[in-house]
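A closer look at the structure
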Amino acid sequence: MTHVHETKLPGVGTLHEFECESGERVGVIAHHGDRREVAIYDRDDPDCVSASATMTNNEARVMANLLGGTTMTEHLDDLRQEIQGLAIDWLPISPESVYAGKTIGETSLRSRTGVSIVALVRGEEPMPAPGPEQTLQADDTAVVVGTDEGINAAAKLFATGGS
Amino acid sequence: MILAASPGSAQLFIELGAVLVGLAFLGRVAARVGIPSIPLYLIAGLAVGEGGVIELLTAREFIEIGAQIGVILLLLLLGLEYTGEELTTALRDHSPSGAVDLVLNFSPGLALGIVLGWDYRAAMLLGGITYISSSGIIAKVLEDLGNTGNRETPVVLAILVTEDLVMALYLPLMAGLLIGGEFLDISLEISIAVAAVITALVLAIKFGDRISAVVFHRSDENLLLSLLGLALVVGGIAEQLQASAAVGAFLVGIALNGPAEHAARNVLIPLKDLFAALFFAFFGLQIDPANLPPALLVALGLAVVTAATKMATGWWSAKRSGISVPGRIRAGATLTARGEFSIVIAGIAVAEGIEPDLGPLAAAYVLVLAIGGPLLARAADPIARSVVARTRSRDLKRESEVRT
């Protein structure tokens, strides 16, 4: 397991670094704001950055994809932050939820929380744009859009159903 | 119908415009030569002040008020740089380094002031001037040299954080001492001011999220008005409590975080650039250039001594964090730059008029180290590299000797 070392840089951001099997040290600085910086440390002086590249958020995502990581969740995290007042989230429907087995219409989720279900994921199968007659089942994942508070309320309802 | 500007304002616009164009030109020169713009703004101020090349007639008053707003904005943005959590972490992990920094770098200024036979308060102000490094210049140097990711950088930044916190207590202390009066009155006043600052700091760290949520607004225009208004009001109240307006603005900056912080920085930076430039120019403007040459030699000596003490601070602190020799050299050299906050402190002395020699000395001192500090930081990398190369070749030689 690679050990990633985290350092706070006051006024700058956060530095994560680790040592590769090849012996080289690599660091990523997440600057306050959107900038990311990739740094490669000097072999002779491991305290010193010998080469670095600065990237925008988008470029960093491209880099991550090229490296083979999945950036889906991070992408959604960013969306939550980037669009003020509008959030997208994936909410699991717990078997304990009283909503499990009810149709979307019966839950009256939108009038309660202002949150809309834009898609359901059942097992591996996505169901985009479900209608009010669609039944919610335990262990479905609902993709919801709304305000932060609305989504928090919806998450509670999906977890227990109590109101 | 729009009223035509009065003849007086025509003169004001021309003077102010000429000052700004002049500053812009000097900024370009600084960028070309690769030095910070602060020293050149100081020189520009010297040129248009008393005994300068051209003396401003009408713009001086505006520049003076602009300069005071500049200090508020400088400190507000400094506070915005840090979250409460970063402050407490830096303080927890690096307070020994902060203490060494304070002792090593406050003493030379204080000692010189005493040797020169100054009032003890003037000597303490000179101590503050030699103590505090320039966060602005150092941030730029780290970025320019690509040293942000270096392992000594967290040490450097943590020292800057402790300096800023010390300043938040030092400024009210000096404000109290400068008013003077009975010993008991002064100590009571200072205790109240310091207690107010500490309370405000704790509140800012604790309730920062909630304050930020109230202040934040999606419209940049509204955010700008809210922030500037808040900083000025808190600054004014702090000034009334003898805790200095700058410290009030710093605390407002600390309290803001999250989306408010990010947006605040974007709307305030252009404003800060304008007023901070006026602040540096105004400081130069108050000083008669004729007083500068006699101060230069003393300033140079003080600069050499305090560059050495900052080097020692950086070396010791980096060593404490397990950084090897080249990193220690870089940390020390990076810390040597003095700039905006030394001028903030010197500005207090000039405004109070307690020691006529302090202004020119501080100006010359900042000129030397605002230019010399970044040059030293740039030189540190090659020096550090040659140290590495030398130790490596020595190791290799020793290895081959062992083998034969």
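Attention shifts here to the overall build of chain A. Within chain A, the secondary structure is distributed over five helices and nine strands. For chain A, the N- to C-terminal ordering of α and β elements is β-β-β-β-β-α-α-β-α-α-β-β-β-α. Counting across all 163 residues of chain A, residues that qualify as buried make up 24%. Taking contacts inside chain A between residues at least 6 apart in sequence as the whole, the part at least 24 apart equals 46%.

The subject of this paragraph is helix H14 (residues 340-352) of chain B. All names here are of chain B. End to end, H14 covers 19 Å across 13 residues, agreeing with the expected 18 Å (1.5 Å per residue, within 8%). The buried fraction of H14 amounts to 11 of the 13 residues, a majority that puts the element mostly inside the structure. Taken together, the buried positions of H14 are occupied by Glu340, Phe341, Ser342, Ile343, Val344, Ile345, Ala346, Gly347, Ile348, Ala349 and Val350.

Right, let's talk about the environment of glutamate 6 of chain A for a bit. Residues and elements named next belong to chain A. Inspection of the secondary structure assignment puts glutamate 6 in strand E1 (residues 5-9). When the 8 C-beta atoms within 10 Å are taken as the criterion, glutamate 6 is described as exposed. For the pair formed by glutamate 6 and glycine 27, sequence separation is 21 residues and the distance between their alpha carbons is 9.5 Å. Leave out the neighbours within four places in its chain, and glutamate 6 touches Thr14 and His16.

Turning our attention to the interface of chain A and chain B. Interface size is often expressed as the accessible area that is lost when the parts come together. Between chain A and chain B, the contact holds 19 residues from the first and 26 residues from the second. For the side of chain A that touches chain B, the secondary structure elements donating two or more residues are E1, strand E3 (25-31), strand E4 (36-41) and strand E5 (49-55) of chain A. Its residues assigned to classes, the side of chain A that touches chain B comprises eight nonpolar, six polar and five charged.

The domains assigned to chain A are domain 1 (5-69) and domain 2 (82-159). If you average the C-alpha positions of domain 1 of chain A and of domain 2 of chain A, the two centres end up 37 Å apart.

Next up on the list: the packing of helix H7 (residues 153-179) of chain B against helix H10 (residues 245-255) of chain B. Residues and elements named next belong to chain B. At a closest axis distance of 9 Å, the pairing of H7 and H10 adopts a crossing angle of 155°. Between H7 and H10, the interaxial angle falls into the category roughly antiparallel. H10 is crossed by H7, and the crossing has left-handed handedness. Judged by residue contacts, Ala168, Leu171 and Pro172 of H7 engage Ala246, Val247 and Phe250 from H10. Grouping the constituent residues of the contact of H7 with H10 by class yields six nonpolar, no polar and no charged.

A few words now on the sheet that holds E1 of chain A. Residues and elements named next belong to chain A. Taken together, five strands build an open sheet; the order of strands is E1-E2-E3-E4-E5 and the sheet is antiparallel. The two strands at the open ends of the sheet, each matched to only one other strand, are E1 and E5. Recorded for the sheet is a direction-independent mean angle of 20° between the axes of neighbouring strands. In this sheet, E4 lies alongside E3 in antiparallel orientation, the contact comprising five bridges. Across the sheet, the residue bridging to alanine 30 is arginine 36, located in E4.

Residues and elements named next belong to chain B. Contact geometry of helix H4 (residues 84-115) with H7 gives a least axis separation of 7 Å together with a crossing angle of 85°. Comparing their axes, H7 and H4 come out roughly perpendicular. Between H4 and H7, the residues in contact are Glu86, Leu87, Ala90, Leu91, Asp93, His94, Ser95, Ser97, Gly98, Asp101 and Leu102 and Val155, Ala158, Ile159, Val161, Thr162, Glu163, Leu165 and Val166, respectively. Of the residues assigned to the contact of H4 with H7, the class counts are 10 nonpolar, five polar and four charged.

Take the sheet that holds strand E9 (residues 141-146) of chain A next. Residues and elements named next belong to chain A. Within the open sheet, the four strands sit side by side as E6-E9-E7-E8. Their pairing is antiparallel. Looking at the sheet topology across the chains shown, the edges are occupied by strand E6 (87-92) and strand E8 (125-128). Each strand axis lies, on average, 20° off the axis of its neighbour in the sheet, ignoring direction. Of the pairings in the sheet, the one linking E6 to E9 comprises six bridges and is antiparallel in character. Pairing of aspartate 89 across the sheet is with valine 144, part of E9. Of the strands in this sheet, E6 and E9 touch helix H5 (residues 148-159), which is tilted by about 5° from E6.

This paragraph deals with the environment of proline 289 of chain B. All names here are of chain B. Looking at where proline 289 falls in the secondary structure, it is placed in the loop between helix H11 (259-285) and helix H12 (292-320). Taking the C-alpha atoms as reference points, proline 289 and phenylalanine 341, 52 residues apart in sequence, are found 21 Å from one another. Ignoring anything within four residues of it in the chain, the contact list for proline 289 reads Leu46, Gly51 and Gly52.

Residues and elements named next belong to chain A. Here E9 shows one buried face, formed by Ala142, Val144 and Gly146, and one open face, formed by Thr141, Val143 and Val145. In terms of strand pairing, strand E7 (residues 116-122) meets E9 through five bridges, oriented antiparallel. Following the sheet pairing, serine 116 is matched in E9 by valine 145.

Moving on, we come to unusual backbone geometry. All names here are of chain A. With a phi angle near 40°, serine 108 is a residue other than glycine that sits in the positive phi range. For serine 108, the position within the fold is in the loop between helix H3 (104-107) and helix H4 (109-113). If you check the backbone angles, aspartate 139 has positive phi at about 75° while not being a glycine. If you trace the backbone, aspartate 139 turns up in the loop between E8 and E9. On the basis of neighbour counts, which here come to 12 C-beta atoms within 10 Å, the residue aspartate 139 falls in the exposed class.

By size, the foremost hydrophobic cluster in this structure holds 142 residues, and its most contacted members are Ala281 and Tyr365 of chain B. Here this core takes 16 residues from helix H15 (residues 358-403) of chain B, the largest share from any one element. In this view, tyrosine 365 of chain B contacts Ile129, Ala299, Leu302 and Ala303 of chain B; residues no more than four positions away in its chain are not counted. Membership of the second largest hydrophobic core comes to 16 residues, among which are Val115, Leu136, Val144 and Leu157 of chain A.

Here is what the cut-offs are and how they apply
- Residues numbered from 1 in each chain as written.
- Chains lettered and ligands numbered in written order.
- Predicted model: local features only at pLDDT ≥ 70, side-chain atom pairs only at ≥ 80, totals over all residues.
- Helix = DSSP H or I, 4+ residues; strand = E, 2+ residues; numbered from the N terminus.
- Buried ≥ 20, exposed ≤ 12 C-beta atoms within 10 Å, placed from the backbone.
- Contact = placed C-beta atoms within 7 Å.
- Expected span 1.5 Å × (residues − 1).
- Nonpolar A, V, L, I, M, F, W, Y, C, P; charged D, E, K, R; others polar.
- Domains from an automatic or database assignment.
- Axes fitted to C-alpha atoms, helices over the stretch in contact; angles between N-to-C directions.
- Parallel < 35°, antiparallel > 145°, perpendicular 65-115°, else oblique.
- Left-handed = near helix turned anticlockwise from the far one by under 90°.
- Pairing = 2+ DSSP bridges.
- Core = buried A, V, L, I, M, F, W, Y, C linked by C-beta atoms within 7 Å.

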